[in-house]
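Tertiary structure, described
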Amino acid sequence: MQWKIQIFEDLLNLLYPRVCLNCGNSLFRGEEVICTYCRFKLPRTNYHLLTDNPVHRAFWGRVDTEAATAFLHFSKGGMVQYLLHHLKYRERKDVGIYLGRLFGYELQRSRLYEKLDVLVPVPLHPRKQKLRGYNQSEQIAAGISQVLKIELMKEVLVRKEFTETQTRKGRYQRWLNVGEKFDVKKPELLEGRHVMLVDDVITTGATLEACIQAMHKIKNLSIYIGTIAYVSD
Ligand SMILES: [Zn+2]
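Fair warning: this is a prediction, and the values are worked out from it, not measured in the lab.

Quick look at the packing of helix α4 (residues 79-89) against helix α5 (residues 93-108)
At a closest axis distance of 7 Å, the pairing of α4 and α5 adopts a crossing angle of 130°. By the angle class used here, α4 and α5 are oblique. Contacts from L83, L84 and L87 in α4 reach K93, V95, G96 and L99 in α5. Among the residues forming the contact of α4 with α5, the class breakdown is five nonpolar, one polar and one charged.

Description of the pairing of strand β2 (residues 118-121)
A two-sided burial pattern is seen for β2, the buried positions comprising V118 and V120 on one face and L119 and P121 on the other. The sheet contact formed by β2 and strand β3 (residues 151-152) spans two bridges and is parallel. In the strand pairing of β3, L119 is matched with L152. Two strands pair when backbone bridges link them, and β2 and strand β6 (residues 194-202) are joined in this way by four bridges, in the parallel orientation. Directly across from V120, in β6, lies its bridge partner L197.

Things to note about the coordination of the zinc ion
At 2.3 to 2.4 Å from the zinc ion lie its protein donor atoms, namely C20 (SG), C23 (SG), C35 (SG) and C38 (SG). For the zinc ion, the four donor atoms in the first shell make angles of 105 to 117° at the metal, a pattern classed as tetrahedral. Taken in chain order, the donor set of the zinc ion reads C-x2-C-x11-C-x2-C. Remark: C35 occurs in the loop between α1 (2-15) and α2 (36-41) and C20 occurs in the loop between α1 and α2; sequence separation between them is 15 residues. C20 gets classed as buried once you look at its relative accessible area, which sits at 2%.

Focus on unusual backbone geometry
Positive phi, normally seen in glycine, also occurs at E91, with a value near 60°. For K149, which is not a glycine, the phi torsion comes out positive at approximately 55°. Within the element layout of this structure, K149 appears in the loop between α7 (136-148) and β3. K149 gets classed as exposed once you look at its relative accessible area, which sits at 70%.

Side note on the layout of surface pockets
By volume, the second largest pocket is sized at about 200 Å³. Lining the second largest pocket are 13 residues; nearest its centre among them are E9, N13, R18, R29 and G30. Residue composition of the lining of the second largest pocket, grouped by class: four nonpolar, three polar and six charged.

A few points about the packing of aromatic side chains
All chains considered together, the criterion is met by three aromatic pairs. Here the aromatic rings of F71 and F103 are separated by 5.5 Å at their centres, their planes lie at 20°, and the arrangement is stacked. With F71 in strand β1 (residues 67-73) and F103 in helix α5, the pair connects residues that are 32 residues apart, well separated along the chain. A relative accessible area of 1% places F103 in the buried class. Ring geometry for Y113 versus Y224: centroids 5.8 Å apart, planes at 50°, classification tilted. Pair noted here: Y113 is in the loop between α5 and β2 and Y224 is in strand β7 (residues 222-230), with a separation of 111 residues, a long-range link. The same class applies to Y113 as to Y224, namely buried. If you follow R39 out to its NZ or CZ, it ends over the ring of F40, 5.5 Å from the centre.

Definitions and cut-offs
Residues numbered from 1 in each chain as written. Predicted model: local features only at pLDDT ≥ 70, side-chain atom pairs only at ≥ 80, totals over all residues. Heavy atoms only, no water. Axes fitted to C-alpha atoms, helices over the stretch in contact; angles between N-to-C directions. Helix = DSSP H or I, 4+ residues; strand = E, 2+ residues; numbered from the N terminus. Parallel < 35°, antiparallel > 145°, perpendicular 65-115°, else oblique. Contact = heavy atoms within 4.5 Å. Nonpolar A, V, L, I, M, F, W, Y, C, P; charged D, E, K, R; others polar. Buried < 20%, exposed > 50% of the residue type's maximum accessible area, 1.4 Å probe, protein only. Pairing = 2+ DSSP bridges. Donors = N, O, S within 2.8 Å, 3.2 Å for Na, K, Ca; no water. Tetrahedral: all angles 85-135°; square planar, octahedral: opposite > 155°, others 65-115°. 1 Å grid on protein atoms, 1.4 Å probe; cavity = no way out; pocket = protein on both sides within 12 Å on 5 of 7 lines; lining within 4 Å. Points joined across faces, edges and corners; volume = space filled by probe spheres on them. Phe/Tyr/Trp six-rings, centres within 6.5 Å; stacked < 30°, edge-to-face > 60°. Lys NZ or Arg CZ within 6 Å of the ring centre and 35° of its normal.

What follows is the structure in structure tokens.
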């Protein structure tokens, strides 16, 4: 059977050549999304090995977190921006799962993350998710979950719908309300657990901080943060 599948795959490859999303070279068997060369060029941060790193530092004095990391450095016009653009706006869900898996292998090698037992993706605004058809953070979390073999909880953290009055408020007012954007459903599911909040990019950390604030009443909760990219200023 195996060889039949192989022939089928080879035929498919002839008809629809699989190419590296980044450089356009054809992909070899076993390569996915990007080629091995581009995979080696990914600007890894290695922050998962350090308690003291710029991502974790962004939360100090704001909210309690066990550990925080971002897999890659984000630079304007760079490969990471390009890949994430395809994940978010070109319906390439597979890019999220792929990057999530690579990130998962890194986390697996760090003692700081060995207690992790739940992944919670940062929810999109319901209207945005309807428009896009999926939540990119959920795809990333799905990839991590495949490698670490831990639970992915998609519905426990939700983004509140804007009310009429909120939409009419000015930008500053809305910024003030950022902490009220999220809600936790069934908080008992997260009691006593080691939860990683997963997002695509971290800049100021305001969104993740708001998520953590919404979770503050959960008993014995340990929070970790994991994003694919880190934008430094
Ligand atoms: Zn390539």
